[in-house]
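Breakdown of the fold
Letter by letter, the chains look like this.
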Amino acid sequence: MSIFLDAASGKDTQRAPIWIMRQAGRYLSEYNAFKERYTFWEMCRNPEVTAEITLLPVRRFPLDAAILFSDIMTPLADMGAEIEFAPGPVVAHPVRTLADVRRLRVPGPEGTAPFVADAVRAVREQCPVPLIGFAGAPLTLATYLVDAGGSADGHAGFRVWLHAQPEAARLLLDRLTDVTIDYLRMQIAAGVQTVQLFDSWAGIHDPAVYAEFGLPHARRVLAALDDLAVPRIYFAVGAHHLLDQIAGLPAEVVGVDWRTPLSVARRALPGRTLQGNLDPAVLVSRPDALADRARAVLREGLGGAHIFNLGHGIRPDTPVDHVQRLVETVHAFDRHAEADKDKEVDKDKKVSA
Ligand code: CP3
């Protein structure tokens, strides 16, 4: 077992394992060198290149897990969607009508980004730490397909569409759920040891809309992985107001963005491993500041299992030596000793009261 898998399975480990959302990305010069030779889709579709990029951050820093290099949009190309990256996803023909939805195929387990299985096997041969696979949650994937990429107005276009075309919305979400199940089961069969479901745009909805269009599909995806017995991570951004619903999802780990203190999430999600949640902006700032803030996050995470991460993806302007400093700070923090100190303080308080 690894410390990452221990924590993902619910163990209150002595130190928090750490990986970083978007750890193989533009803040790394080695990644930017790949970008000069390949387009984004080429990097995702060539298993050797995908494996090399996946391994870049774990070769440079003593991280406790690797995440497969790909994108949440990868499986949608096999449904018939035309997607480019600039650098965020741009969809050539936005999905708007019931007929548009019906044109999207469900390609089946063999036809959904099969190159990803080869990449997973190539990474597993060389990777010293557990490999995380991932997919986008249906609601978030639908956001990109309908809104064609634009998020400047909080995806108001998508929020309008959900209510203007509820029948098309339900069919689209159902198809995306089917594809996502096939895609994640394929990744697990190929060797990923944990999966993360990214619901990056869940938080733009009110609780009732999330209850109708988000939660049931996320639940169906996660529940369909039950028999495969790998830890499941669910991560929704800006989802403070949805935590009580998220508490009902079949996920061992819940990712928390930087706006919700881990102690608050802990109360809402008893028994779950929490993942997060340093503000990615802090990591850009200053080595001493980021170390202080990271320790504050670690203290917030005491009292249950914790996987350290950022509260969202790492920013491209992050200095690499700050990442090294972060990993060292997290690894040096003894969670059990800190928890004991807290207990002593509590005892003293009781004695003097
Ligand atoms: O974490 C990793 O290192 C694995 C790779 C990974 C990428 N995208 C590579 C990528 C992962 C896990 C993702 C997930 C993803 N993609 C999400 C969920 C996480 C989140 O940020 O909420 C979302 C919403 C997307 C959609 C997407 N793809 C966006 C918004 C962007 C552009 C903004 C950005 O962060 O760069 C992309 C493009 C993308 N995906 C890049 C990378 C490395 C940048 C492409 C480039 O190099 O120009």
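Refer to the preceding data block for the structure.
Residues numbered from 1 in each chain as written. Predicted model: local features only at pLDDT ≥ 70, side-chain atom pairs only at ≥ 80, totals over all residues. Heavy atoms only, no water.

**Some words on the packing of aromatic side chains**
Applicable threshold: When two rings of Phe, Tyr or Trp (its six-membered ring) have centres within 6.5 Å they constitute a pair, described as stacked for plane angles under 30 degrees, edge-to-face for angles over 60, and tilted for the intermediate range. Buried residues are those whose accessible area, probed at 1.4 Å on protein chains only, stays under 20% of the maximum for their type, while exposed residues exceed 50% and partly exposed ones sit between those limits. A helix here means a DSSP run of H or I that spans at least four residues, while a strand means a run of E at least two residues long, and both kinds are numbered starting from the N terminus.
In this structure the tally under the stated criterion is eight aromatic pairs. With a centroid separation of 6.3 Å and an interplanar angle of 25°, the aromatic rings of F34 and Y38 are classed as stacked. Under the relative-accessibility criterion, F34 is labelled buried at 14%. Given a relative accessible area of 23%, Y38 falls into the partly exposed group. On the numbers, 4.3 Å between centres and 55° between planes, the contact of F40 with F85 is tilted. Here the residue F40 occupies a position in helix α3 (residues 40–45), and F85 occupies one in strand β2 (residues 83–85), the gap between them amounting to 45 residues. Residue classification places F40 among the buried positions, given a relative accessible area of 19%.

**Some points on the side chain of D71**
Selection criterion: Charged-residue counts in this description rest on Lys and Arg as positive and Asp and Glu as negative, His and the chain ends being excluded. Each salt bridge in this description consists of a side-chain nitrogen of Lys or Arg and a carboxyl oxygen of Asp or Glu lying within 4 Å of one another. Any N or O atom pair separated by 3.5 Å or less is treated as a polar contact, with the protein-specific requirement of one donor-capable and one acceptor-capable atom, and with residues adjacent in sequence counted only for side-chain atom pairs. Note on contacts: a residue pair is in contact if any heavy atoms of the two residues lie within 4.5 Å.
Tracing the backbone through its elements, the reader meets D71 in the loop between β1 (66–67) and β2. No salt bridge is formed by the buried D71; its nearest oppositely charged neighbour, R22, is found at 5.0 Å. A distance of 3.0 Å separates the side chain of D71 from the backbone nitrogen of M73, its partner in a polar contact. Excluding residues that lie within four positions of it along the chain, D71 makes contacts with F40, C44, F85 and F134.

**Some points on the sheet that holds strand β9 (residues 306–310)**
Quick note on the threshold: Note on pairing: two strands pair once DSSP finds at least 2 bridges between them.
If you trace the seven strands from one edge of the open sheet to the other, you get β1-β4-β5-β6-β7-β8-β9, paired in parallel fashion. Each having just a single partner strand, β1 and β9 make up the two edges of the open sheet.

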